[in-house]
Amino acid sequence: MDNVYTYADMHCDTLLRAIGEGSESIVSGNGMQSFEHQIEAKQILQFYAIFFPSWQTYKEGMPAWRKEPISDDEFYNTLRDVLKAETDRHSDKIRMAYS
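Residues numbered from 1 in each chain as written. Predicted model: local features only at pLDDT ≥ 70, side-chain atom pairs only at ≥ 80, totals over all residues. Heavy atoms only, no water.

The next subject is the overall build of the chain. The number of helices and strands found in the chain is five helices and two strands. Overall, the chain shows an N-to-C arrangement of helices and strands of β-α-α-α-β-α-α. Across the 99 residues that make up the chain, the buried fraction comes to 32%. Of the contacts formed within the chain by residues at least 6 apart in sequence, a portion of 58% connects residues at least 24 apart. Accessible surface computed for the chain: about 6500 Å², of which carbon and sulfur atoms make up 52%. (Helix = DSSP H or I, 4+ residues; strand = E, 2+ residues; numbered from the N terminus. Buried < 20%, exposed > 50% of the residue type's maximum accessible area, 1.4 Å probe, protein only. Contact = heavy atoms within 4.5 Å. Areas by Shrake-Rupley, 256 points an atom, 1.4 Å probe, with all protein chains shown as cover.)

Attention now moves to the layout of surface pockets. Roughly 420 Å³ of volume is contained in the largest pocket. Around the largest pocket, the lining comprises 16 residues; the ones closest to its centre are Leu45, Gln46, Arg95, Met96 and Ala97. Every element with two or more residues in the lining of the largest pocket is listed here: helix H3 (35-40), strand S2 (45-46) and helix H5 (72-89). The element contributing the most residues to the lining of the largest pocket is H3, with three residues. Across the lining of the largest pocket, the residue classes break down as ten nonpolar, four polar and two charged. (1 Å grid on protein atoms, 1.4 Å probe; cavity = no way out; pocket = protein on both sides within 12 Å on 5 of 7 lines; lining within 4 Å. Points joined across faces, edges and corners; volume = space filled by probe spheres on them. Nonpolar A, V, L, I, M, F, W, Y, C, P; charged D, E, K, R; others polar.)

The next thing to look at is the pattern of salt bridges. On inspection of all chains with the given rule, the structure shows three salt bridges. Arg89 is the partner of Glu86 in a salt bridge, and the nearest nitrogen-oxygen pair spans 2.7 Å. With a gap of three residues between them, Glu86 and Arg89 both fall in helix H5, about one helical turn apart. Taking relative accessible area as the criterion, Glu86 reaches 6% and is therefore assigned buried. (Salt bridge = Lys/Arg side-chain N within 4 Å of Asp/Glu carboxyl O.)

On to unusual backbone geometry. With phi around 55°, Lys42 is a residue other than glycine that occupies positive phi space. Among the secondary structure elements, Lys42 is positioned in the loop between H3 and S2.

Ranked by size, the top nonpolar core spans twelve residues in total: Leu15, Ala18, Ile19, Ile26, Val27, Phe35, Tyr48, Phe75, Leu79, Val82, Leu83 and Ile94. The set of elements that each furnish at least two residues to this core consists of helix H1 (14-21), helix H2 (24-28) and H5. Top element by residues in this core is H5. It accounts for four residues. Excluding its chain neighbours within four sequence positions, the residues that come into contact with Leu79 are Leu15, Leu16, Ile19 and Ile50. (Core = buried A, V, L, I, M, F, W, Y, C linked by side-chain atoms within 4.5 Å.)

Our next topic: the confidence of the model for the chain. Keep in mind that low pLDDT regions are not for reading the predicted coordinates in detail. In this model, the chain carries an average pLDDT of 76, and 75% of its residues clear a pLDDT of 70 or more. Predicted confidence in the chain is weakest over helix H4 (residues 55-61), with a mean pLDDT of 66, and strongest over H5, with 88. (pLDDT = per-residue confidence, 0-100.)

Encoded structure:
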C-alpha cells in the first residue's frame, strides 16, 4: 500500500471521492485514505478534509448524474453526512473524535 501514514494524516481526498464514487470509497476506496488503510497502518488519527473544488474541477471529476452545481452548504453537508454515516456504520472499527 502506497502513501500510508502510520500515526496521523491531515490531508486526504477521501471525502471528495465520496461524491463521485459513493460512500463506500471512504471504507475501502483507492483514494489517499480509507478506513481499511487506517486500520492496516495502525493509524491513530485522521483529519478528513473537505475541499471545495472549482466548478470545472468538480464537473470533470463527477459521474454524469452529478454534473449540476450544488451550493457550498449542500456540498459541505453532503460530505459531512457521508463521513458521519459511514463512521457510525463501522463503529466497531473506527470512531469520531469531536474535540
